[in-house]
Amino acid sequence: MELNWKSRKVVVVGAGAVGSTFAYALAQKGLAEEIILIDASHDFAEGQALDLAHGLPYYPSVQIRVGQSQDYADAQVIVITAGAKQAPGESRLALVKKNAAILASIVDEIVAQESQAVILVASNPVDILTYVALKRSGWPKGRVIGSGTVLDSARFRYLLSQHCGVDVGNVHAYFLGEHGDSEFPAWSMTHIAGVAMDDYCPLCNKCQAWQYEREKITQAVKDSAYHIINYKGATYFAIGMALVRIVGTILQDQRSVLPVSTLLDGEYGLQDVCLGVPCVVGQGGARQIVAAPLLPDEKTALSKSASILQDVLKQLEE
Ligand SMILES: NC(=O)c1ccc[n+]([C@@H]2O[C@H](COP(=O)([O-])OP(=O)(O)OC[C@H]3O[C@@H](n4cnc5c(N)ncnc54)[C@H](O)[C@@H]3O)[C@@H](O)[C@H]2O)c1
């Protein structure tokens, strides 16, 4: 099939804290030729785009401007960070319904432009909204993905590297499942410099009770967003970098393995739900799910995440 995208054009929908931080980080990496900002408030997007564009003399070559729905037509990646904030007294479910409606209307506009892009959803609840976007688009599943547990896995790698005193580049580790309370660390996939964690801990012998330390690190990852939101109201720097990582591997067809949120179709014994599992990501989006041989308790945790998300999806339909 003839693809009609301009090379390395990225559209960001939602020019708030996450969208603008992502755009800023992407511009500095020199990965995109064009970065387009779209927001429900055109004036706000215009202001953000101008502010970002004034850094042009100091970025690698890139064009940054405010856009409109026609820009979806030849984009290679469309990153959705748009969403409403919880209003006082509003239930979680009401917020999910509101954000699902926002996502659906954005996806309708993208589809109307006959875009060949990959849609990358970052708005929360990311796994639910990825599913909504995928079903609404009718596109192949690999082309509509969510940021999944890529950020959570970065937090996990950071904490492990701090704890073990090892370069984070030597730490391979994944959090999987829902980007939310039921997510879990896949210890069976965790390696330091190629050494499985169960072998590394006794070798290193730095901490006495490593099982206890693992639980502490797991909890710290799960509590990260709550802590940061308590301190400053929102998280945006690390998710901005996580989105750059995902978009970079798509633009460069790098085939990195990242735990993006993707539709499961029998993998891990699960069906009809989007959640974070390791995927080979490259041009065209999620190219292949890596069906890792998880331990029984990890499989149970993944199934639990899936059933929590499927319950929410059911409530969305009611
Ligand atoms: N996936 C992750 O790991 C992760 C991490 C952090 C934040 N998030 C999520 O990212 C989302 C954005 O967070 P934020 O801090 O940037 O919020 P924000 O309020 O700063 O920005 C959201 C923007 O979306 C815009 N918007 C709302 N409806 C729109 C529509 N229909 N079309 C276009 N734009 C629209 C708003 O005008 C606003 O500028 C939230 O859902 C947040 O929970 C996800």
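Remember, predicted model here, so these are calculated numbers, not experimental data. (Residues numbered from 1 in each chain as written. Predicted model: local features only at pLDDT ≥ 70, side-chain atom pairs only at ≥ 80, totals over all residues. Heavy atoms only, no water.)

### A look at the pairing of strand β14 (residues 271-276)
- Note: strand β13 (residues 261-265) against β14, five bridges, orientation antiparallel. Within the sheet, the bridge partner assigned to Leu 263 lies in β14 and is Cys 274.
- The hairpin formed by β13 and β14 contains five residues between the paired strands, and Gly 266 there has a positive phi angle of roughly 105°. (Pairing = 2+ DSSP bridges. Helix = DSSP H or I, 4+ residues; strand = E, 2+ residues; numbered from the N terminus.)

### Some thoughts on the layout of surface pockets
- Considering only enclosed or pocket space, the second largest pocket measures out at about 620 Å³ in volume.
- Lining of the second largest pocket is provided by 28 residues; of these, Val 150, Ala 154, Arg 157, Arg 245 and Leu 258 occupy positions nearest its centre.
- Along the lines of polarity and charge, the residues of the lining of the second largest pocket split into 16 nonpolar, eight polar and four charged. (1 Å grid on protein atoms, 1.4 Å probe; cavity = no way out; pocket = protein on both sides within 12 Å on 5 of 7 lines; lining within 4 Å. Points joined across faces, edges and corners; volume = space filled by probe spheres on them. Nonpolar A, V, L, I, M, F, W, Y, C, P; charged D, E, K, R; others polar.)

### Some thoughts on empty space enclosed by the protein
- Across all of its chains, the model carries one cavity of 30 Å³ or more by this definition.
- Its volume calculated, the largest cavity comes out at about 120 Å³.
- Taken together, 14 residues line the largest cavity, and the ones lying closest to its centre are His 163, Cys 164, Met 197, Cys 201 and Cys 207.
- At the level of elements, α5 (150-164), α6 (197-204) and α7 (210-232) are the ones that each hand at least two residues to the lining of the largest cavity.
- When grouped by side-chain class, the residues that make up the lining of the largest cavity number nine nonpolar, two polar and three charged.

### Brief notes about the state of the cysteines
- Applying the stated criterion across every chain yields a total of zero disulfides.
- With no disulfide of its own, Cys 164 has Cys 204 as its nearest cysteine by sulfur position, at a separation of 5.9 Å.
- Taking relative accessible area as the criterion, Cys 164 reaches 10% and is therefore assigned buried. (Disulfide = S-S within 2.5 Å. Buried < 20%, exposed > 50% of the residue type's maximum accessible area, 1.4 Å probe, protein only.)

### So, the environment of Leu 26
- Inspection of the secondary structure puts Leu 26 in helix α1 (residues 17-29).
- Here Leu 26 falls in the buried class, since its relative accessible area comes to 0%.
- Sequence-wise, Leu 26 and Met 241 are 215 residues apart; in three dimensions their C-alpha atoms are separated by 8.0 Å.
- For Leu 26, the contacting residues outside a window of four places in its chain are Val 10, Leu 31, Ala 32, Ile 35, Val 244 and Val 247. (Contact = heavy atoms within 4.5 Å.)

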